[in-house]
Amino acid sequence: MIVVNNAVQDGGACYVGQGTLTVNGNPYNLACVWFDPNSLKTEFAAHEIGHGVGLVHSYDDAGRVCALNAQPGEYCDPWDVMSAQGTNQFVDRNWLIAGAPSGGGPGMNAPNLLQMGWIPGDNQRHFQFEGDEQVFKIRVLSHANRSDPLVVTVEPGVSRPFQGYYTVEYRQGDGWDKGFVTSPNSPIKVRNSGGVVLV
C-alpha cells in the first residue's frame, strides 16, 4: 500500500516487507510506504518502495560510516538505489522539491535484482571453479536482450544462499544510471568512460 499526502511531514517505508496493518478495524498483511511532497524524489521513493518489497539497505565492505546512525558499510554502495541519498544520482528535472530539481537514480544492483527474481535464469551465467578458463560476455544490466547474459554469479563453496555469493555486472551511465556520468561524486574514470563493471 502506497500513501501520498499533500502535507509536508515525513516519508518512508512502514517496515521492511509485509507486516500487519489494520484498515477499518481489520488486520491485513501488507507492505506500506508513506510519502509527502518532499519525499517523492526518485532516488528516495524507489528506495522506500524497495523496502516495501522486502529489500534492506545496501552495504559496501570498507567499514565506513556513510550516514547518521548507520552501521559500518550501510548506505555506502553508490551504485545501488538501496543506499538512497548516498548514491551516484542525476539531476531529475521531472520532479521539483522546493522549486529545484531533485536527485534521481540509480537502478538496483544485480544482487538485489536476483533476490527479487527479476533477472530471468536465461540471463544468468554461473562461474564454475572446476575446469579451464571461462570467458563471459555480459550485456549492460539495463539493456536486456533475450537470453544474453546480464550477470555472472560466483559461489566460492559456501552452501547457504547469498552467503559468500558474488556477482559480476556491467552498468552504463544512461537511464536510471545516468548519475554514474553526471554526479560529481562518481569517479572521474567512470564519468569519462560511461560504464562500470561491479563485483
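A brief structural summary. Worth saying up front: this structure is predicted, and the values here are computed from it rather than measured.

## A closer look at the overall build of the protein
For step 1, the next point in the chain: Scanning the protein from N- to C-terminus turns up 4 helices and 11 strands.
For step 2, the next point in the chain: Projected onto its principal axes, the C-alpha positions of the protein cover 60 × 45 × 35 Å.
For step 3, the next point in the chain: Out of the 199 residues in the protein, the part that is buried amounts to 39%.
For step 4, the next point in the chain: Relative to all contacts within the protein whose residues are 6 or more apart in sequence, the contacts with residues 24 or more apart total 55%.
For step 5, the next point in the chain: Working note: accessible area of the protein is about 11,500 Å², and carbon and sulfur atoms make up 53% of it.
For step 6, the next point in the chain: Side-chain charges of the protein comprise 12 positive and 19 negative groups, with the mean position of each set lying 8 Å from the other.

## Description of the layout of surface pockets
For step 1, the next point in the chain: Its volume calculated, the largest pocket comes out at about 840 Å³.
For step 2, the next point in the chain: Contributing to the lining of the largest pocket are 25 residues, with Tyr59, Asp77, Asn109, Pro111 and Val199 lying nearest its centre.
For step 3, the next point in the chain: Of all the secondary-structure elements, those providing two or more residues to the lining of the largest pocket are helix H2 (110-116) and strand E10 (166-172).
For step 4, the next point in the chain: Of the residues in the lining of the largest pocket, the class split is 12 nonpolar, 8 polar and 5 charged.
For step 5, the next point in the chain: Looking at the second largest pocket, its volume works out to about 290 Å³.
For step 6, the next point in the chain: Looking at the lining of the second largest pocket, the element that brings in the most residues is helix H1 (residues 42-52), giving 3 residues.

## What to know about the packing of aromatic side chains
For step 1, the next point in the chain: Evaluated as defined, the whole model comprises 2 aromatic pairs.
For step 2, the next point in the chain: For the ring pair Phe90 and Trp176, a centre distance of 6.2 Å and an interplane angle of 45 degrees mean the geometry is tilted. Of the two residues, Phe90 sits in strand E6 (residues 90-97) while Trp176 sits in the loop between E10 and helix H3 (179-182), which places them 86 residues apart along the sequence.
For step 3, the next point in the chain: Sitting over the ring of Phe90, Lys178 keeps its end group 4.6 Å from the ring centre.

## Things to note about the pattern of salt bridges
If charged atoms from side chains of opposite charge come close, those side chains can pair.
For step 1, the next point in the chain: Summed over the entire model, instances satisfying the criterion amount to 5 salt bridges.
For step 2, the next point in the chain: Note that Asp60 is salt-bridged to Arg64, the shortest N-O span being 2.5 Å.
For step 3, the next point in the chain: Its salt-bridge partner being Arg171, residue Asp177 comes within 2.7 Å of it at the nearest N-O pair.
For step 4, the next point in the chain: Members of the salt-bridge network, linked through shared partners, are Glu169, Arg171 and Asp177.

## Overview of the sheet that holds strand E11 (residues 195-198)
For step 1, the next point in the chain: Taken in spatial order, the 4 strands of this open sheet run E8-E9-E10-E11, and their pairing is mixed. The open sheet has two edge strands with one neighbour each: strand E8 (124-126) and E11. Pairs of neighbouring strands in the sheet enclose a mean axial angle of 20 degrees, with direction left out of account.
For step 2, the next point in the chain: Where strand E9 (residues 151-154) meets E10, 4 bridges bridge the pair, whose relative direction is antiparallel. Opposite Val151, over in E10, you have Glu169 as the bridge partner.

How each quantity is defined
- Residues numbered from 1 in each chain as written.
- Predicted model: local features only at pLDDT ≥ 70, side-chain atom pairs only at ≥ 80, totals over all residues.
- Heavy atoms only, no water.
- Helix = DSSP H or I, 4+ residues; strand = E, 2+ residues; numbered from the N terminus.
- Buried < 20%, exposed > 50% of the residue type's maximum accessible area, 1.4 Å probe, protein only.
- Contact = heavy atoms within 4.5 Å.
- Areas by Shrake-Rupley, 256 points an atom, 1.4 Å probe, with all protein chains shown as cover.
- Lys, Arg positive; Asp, Glu negative; His and termini not counted.
- Charge placed at Lys NZ, Arg CZ, Asp CG, Glu CD.
- 1 Å grid on protein atoms, 1.4 Å probe; cavity = no way out; pocket = protein on both sides within 12 Å on 5 of 7 lines; lining within 4 Å.
- Points joined across faces, edges and corners; volume = space filled by probe spheres on them.
- Nonpolar A, V, L, I, M, F, W, Y, C, P; charged D, E, K, R; others polar.
- Phe/Tyr/Trp six-rings, centres within 6.5 Å; stacked < 30°, edge-to-face > 60°.
- Lys NZ or Arg CZ within 6 Å of the ring centre and 35° of its normal.
- Salt bridge = Lys/Arg side-chain N within 4 Å of Asp/Glu carboxyl O.
- Pairing = 2+ DSSP bridges.
- Axes fitted to C-alpha atoms, helices over the stretch in contact; angles between N-to-C directions.

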